[in-house]
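Next come the chains, spelled out residue by residue.
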Amino acid sequence: MLTLRELKNMADTAPPGQKTPTARELRSAGEMIAEKKIGGNAGIAAYRNGYAVYYADRGATVFRIHACSGYSYDSCTSPHDVGGGMFDREAWYLRLVLEGEDRLARNLASREQDWKVSYSAESEEWGKLNSGAEGVLDRIICAEAVESLLSALTEKQRRVSVLFYLEQKTERQIAAELKVTVPAVSRILARSADRMRDSIRRNTAPAGGGTA
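The numbers attached to residues start from 1 for each chain and follow its sequence in the written order. Per-residue local features are limited, in this predicted model, to residues with pLDDT of at least 70; the limit for side-chain atom pairs, both in listing and counting, is 80 or more; totals at the level of whole chains, interfaces and linings are taken over all residues. The side-chain values count all of the structure's non-hydrogen atoms but skip hydrogen atoms and water molecules.

J.: Residue-level account of the pattern of salt bridges, with values.
T.: In a structure, side chains of opposite charge can pair up when their charged atoms sit close to one another. Salt bridges are identified by distance alone: a Lys or Arg side-chain nitrogen within 4 Å of an Asp or Glu carboxyl oxygen. A complete count under the given rule lists six salt bridges for this structure. Note that Lys 8 is salt-bridged to Asp 88, the shortest N-O span being 3.8 Å. In this pair, Lys 8 is assigned in helix α1 (residues 4–10) and Asp 88 in helix α3 (residues 84–88), connecting sequence segments 80 residues apart. Between Arg 103 and Glu 99 there is a salt bridge, and its shortest N-O distance comes to 3.3 Å. Linking Arg 103 with Glu 99, this pair stays in helix α4 (residues 93–112), spanning four residues, or about one helical turn. Each of the two residues, Arg 103 as well as Glu 99, counts as buried. Salt bridges sharing partners connect three or more residues here, namely Arg 95, Glu 99 and Arg 103. By the criteria applied, helices consist of DSSP H or I runs no shorter than four residues and strands consist of E runs no shorter than two, each listed in order from the N terminus. Think of it in three bands: residues with accessible area under 20% of the maximum for their type are buried, residues over 50% are exposed, and the middle band is partly exposed, with areas taken using a 1.4 Å probe on protein chains only.

J.: Any details on the nonpolar core? Residues and values, ideally.
T.: Counting 25 residues, the largest nonpolar core has Leu 7, Ile 44, Tyr 54, Phe 63, Trp 92, Tyr 93 and Leu 96 as the members making the most contacts within it. Going through the elements one at a time, α1, β1 (32–37), β2 (43–47), β3 (51–56) and α4 are the ones with two or more residues in this core. With six residues, α4 is the single largest residue contributor to this core. When sequence neighbours within four positions are dropped, the list of residues in contact with Trp 92 reads Leu 2, Thr 3, Leu 4, Leu 7, Ala 34, Glu 35, Lys 36, Ile 44 and Ala 46. One finds Leu 150, Val 182, Ile 188 and Leu 189 within the second-largest nonpolar core, a separate group that totals 15 residues. We define the nonpolar core as a collection of buried residues of types Ala, Val, Leu, Ile, Met, Phe, Trp, Tyr and Cys that are connected through side-chain atoms lying within 4.5 Å of one another. It only takes one pair of heavy atoms within 4.5 Å for two residues to be counted as in contact.

J.: Can you lay out the sheet that holds strand β4 (residues 59–64) for me, pointing to particular residues and giving the numbers?
T.: Strand order in this open sheet of four strands is β1-β2-β3-β4, and the pairing throughout is antiparallel. Of all strands in the sheet, those bounded by a partner on one side alone are β1 and β4. Ignoring strand direction, the axes of neighbouring strands in this sheet form an average angle of 15 degrees. Being paired, for any two strands, means DSSP has found at least two bridges between them. Of the strand pairs in this sheet, β2 and β3 are connected by four bridges, and their pairing is antiparallel. The partner of Ala 46 across the bridge, within β3, is Ala 52. Helix axes are fitted to C-alpha atoms over the stretch in contact, other axes to C-alpha atoms as well, and angles between N-to-C directions run from 0 to 180 degrees.

J.: Quick rundown of the packing of helix α7 (residues 155–166) against helix α8 (residues 171–178)? Include the residues and the values.
T.: Where α7 contacts α8, the two axes come as close as 10 Å, and the packing angle between them is 135 degrees. Comparing their axes, α8 and α7 come out oblique. In the crossing of α7 with α8, the sense of the turn from one axis to the other is right-handed. On α8, the residues touching Arg 159, Val 160, Leu 163 and Phe 164 of α7 are Glu 171, Ile 174, Glu 177 and Leu 178. Looking at side-chain class alone, the contact of α7 with α8 contains five nonpolar, no polar and three charged residues. With respect to orientation, any angle under 35 degrees is reported as roughly parallel, any angle over 145 as roughly antiparallel, any angle of 65 to 115 as roughly perpendicular, and every other angle as oblique. By the definition used in this description, the sense in which the near helix is turned from the far one sets the handedness, with an anticlockwise turn below a right angle giving left-handed and a clockwise turn giving right-handed. Any residue outside Ala, Val, Leu, Ile, Met, Phe, Trp, Tyr, Cys, Pro, Asp, Glu, Lys and Arg is labelled polar, Gly included; the first ten of those are nonpolar and the last four are charged.

J.: Hey, could you go over α8 for me, with residue numbers and the actual values?
T.: Three or more residues of α8 are buried, namely Glu 171, Ile 174 and Ala 175. All buried residues of α8 lie within an arc of 100 degrees about the axis, which places them on one face of the element. Trailing α8 by a residue or two, Lys 179 shows a phi angle of about 60 degrees, which is positive. This arc corresponds to the set of directions leading from the helix axis out to the C-beta atoms.

Note that all results are geometric; they support no functional claim without further evidence.
In structure tokens form, the structure reads like this:
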């Protein structure tokens, strides 16, 4: 297994002030180190020059590999921080997928509120954003854990998650079936992901529940 630490050792360190290449430029001329498909049409690719491309139905974003270390997220109860040291020892794509998905999701939120600026100055080419936020952690969990995670959801969240993750229906198809809007489906999936993340955190917490 290629870890994130090993990937960083293989990639150059892209200077923070350097102009970020577009996804198209990287795909056509960049030297790819590794690529991982994350279900459907989503995936992540890492390049020798220190940049990664995350792509999904909603578009693509480019960011610096070495800038990805720790990660913060809001669960259904409170914010949580995951140290960069943990990701360094895990599969190379886990932290990068989270970074890319956050960028696409936040850009979508900006579009929905008619903001005229993108989520990040380093975001480059965005495709047509025709679907909402996807719970990336839920795309990479093992199939054996699905039922356990779904048990943490409300009835509505479970129904939408089953249609999306297990039956592989698009958010637009789910919205039509349930007679709701696509953004509503996106919000349900995002909240479902928060609940499942929180369930993972509780199930993997050290015995005794103490914190360092």
